[in-house]
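Each chain is listed here by its residues.
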Amino acid sequence: MTAPVHMPAPQFSSALPVERTHLGHALRSEWTKIRTVRSTIWTLGVMLVLILGINLLIVGLSSSDIVSDPVLGFGLFGVLLGQLCVMTLGVLVISSEYGTGMIRTTLTACPQRGRVLAAKAIVFFALTFTVTTVACALTALMNYATFGGKPVGEGSFLGPRLVVENGLTTASGTQWLGATVGVGLYVALLGLLSLAVGALLRHSAGAITTMMGVVLLPLIIAIFMQSDSLHKVQEKLIEYSSPNAIASLYQMPMLENGDADGVRQLVVLAIITAVALGAACATLSKRDV
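Residues numbered from 1 in each chain as written. Predicted model: local features only at pLDDT ≥ 70, side-chain atom pairs only at ≥ 80, totals over all residues. Heavy atoms only, no water.

1. Some words on the nonpolar core
Thinking step 1. Judged by nonpolar contacts, the single largest core of 61 residues is most densely connected at Val-79, Phe-124, Tyr-186 and Tyr-250.
Thinking step 2. Elements with a minimum of two residues in this core: helix H2 (38–61), helix H3 (76–100), helix H4 (102–109), helix H5 (113–147), helix H6 (173–201), helix H7 (204–223), helix H9 (242–249) and helix H10 (263–286).
Thinking step 3. Take this core: its biggest share by element is 12 residues, from H6.
Thinking step 4. With residues up to four places along the chain from it excluded, the contact list for Val-79 reads Ile-51, Cys-136, Val-183, Val-187, Ile-246 and Tyr-250. (Core = buried A, V, L, I, M, F, W, Y, C linked by side-chain atoms within 4.5 Å. Buried < 20%, exposed > 50% of the residue type's maximum accessible area, 1.4 Å probe, protein only. Helix = DSSP H or I, 4+ residues; strand = E, 2+ residues; numbered from the N terminus. Contact = heavy atoms within 4.5 Å.)

2. Focus on the pattern of salt bridges
Thinking step 1. Tallied over the full model, the rule gives 6 salt bridges.
Thinking step 2. Here Glu-239 ties to Lys-236 by a salt bridge, and the two come within 3.6 Å at their closest N and O atoms. Taken together, the positions of Glu-239 and Lys-236, both in helix H8 (residues 231–239) and 3 residues apart, correspond to about one turn of that helix.
Thinking step 3. Among the residues examined, Lys-236 registers a relative accessible area of 47% and is labelled partly exposed.
Thinking step 4. Linking Arg-264 and Glu-239 is a salt bridge whose minimum nitrogen-to-oxygen distance equals 3.1 Å. Placement of the pair is Arg-264 in helix H10 and Glu-239 in helix H8, with a sequence separation of 25 residues. (Salt bridge = Lys/Arg side-chain N within 4 Å of Asp/Glu carboxyl O.)

3. Here we look at the environment of Cys-136
Thinking step 1. Summarising the element assignment, Cys-136 is placed in helix H5.
Thinking step 2. As for Cys-136 and Gly-178, which are separated by 42 residues in sequence, their C-alpha atoms are 9.9 Å apart.
Thinking step 3. The contacts of Cys-136, once residues within four sequence positions are left out, are Val-79, Ala-179, Thr-180, Val-183 and Tyr-250.

4. Some thoughts on the packing of H3 against H4
Thinking step 1. The contact between H3 and H4 brings their axes to 5 Å, and the two run at 105 degrees. Between H3 and H4, the angle falls in the class roughly perpendicular. Contact residues: Glu-97, Tyr-98 and Thr-100 in H3; Met-102, Ile-103 and Thr-106 in H4.
Thinking step 2. Taken together, the residues that form the contact of H3 with H4 break down as 3 nonpolar, 2 polar and 1 charged. (Axes fitted to C-alpha atoms, helices over the stretch in contact; angles between N-to-C directions. Parallel < 35°, antiparallel > 145°, perpendicular 65-115°, else oblique. Nonpolar A, V, L, I, M, F, W, Y, C, P; charged D, E, K, R; others polar.)

5. A few points about H3
Since the α-helix advances by 3.6 residues per turn, residues separated by three or four positions end up pointing in the same direction.
Thinking step 1. Here H3 contains 25 residues, and its C-alpha end-to-end distance of 36 Å stays within 8% of the 36 Å for a straight helix at 1.5 Å per residue.
Thinking step 2. Of all bends in H3, the biggest is about 40 degrees, found at Val-93.
Thinking step 3. Looking one or two residues beyond H3, the residue adopting positive phi is Gly-101, at roughly 85 degrees. (Expected span 1.5 Å × (residues − 1). Bend = angle between axes of the 7 residues up to and from the residue.)

What follows is the structure, encoded as structure tokens:
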């Protein structure tokens, strides 16, 4: 009796070219998502309206002889509200996919979950940093055109942050950098932290509420600390609160003896964001969708 002959299994060969996937493919995918969903248009659109609109309102209502200290300082008020829009978008970038179930498709197309999170973080950070910095640069130009170049006499009151050259008000290079790139970087990092929290909680409302607490609670708690024994704690809560950090970048700190450039708060936020993203990556890699 003849032994059966085992034929080798046929090898499948695709007629289409097969390309090894890499981070660039994930970046293109996330860029397509973020620029085509309505949440991006609405949140960034509202942020621009708040930052530019509030600044235009202040400039329009200011009298011609007012001297701003510092010259670019009035841009602060629009950013304090605009940052909430970036936080919301940061959460929705990932939590909305969990809400709709789209995350299953995303992770099927790209099983490397760390790559997915990295692509989302890079695309989101680049977009929000660019938009925020441009908006802040426009407000800085508006404020400089309105409050810069005003004559200051010998008897005039000069604030501690007001820069005067040749008897005229102006803004230093540090003030320009802080009011544009510094603020853009801080707000983008805050949005990136929101993205990490959204990845950890996987729930839009919960993550947005958590980030609202992160931004608002330290300052609110500090306001109600009246005990002398808690004075140091109160100062730290105010110093590293989001409103004071942004105000410091505009060289308008809430504390009289506080840092005027906001660099320390920026570094602390960058460290916290990096830790949160690391935790989100580890959690995303271990748990089921």
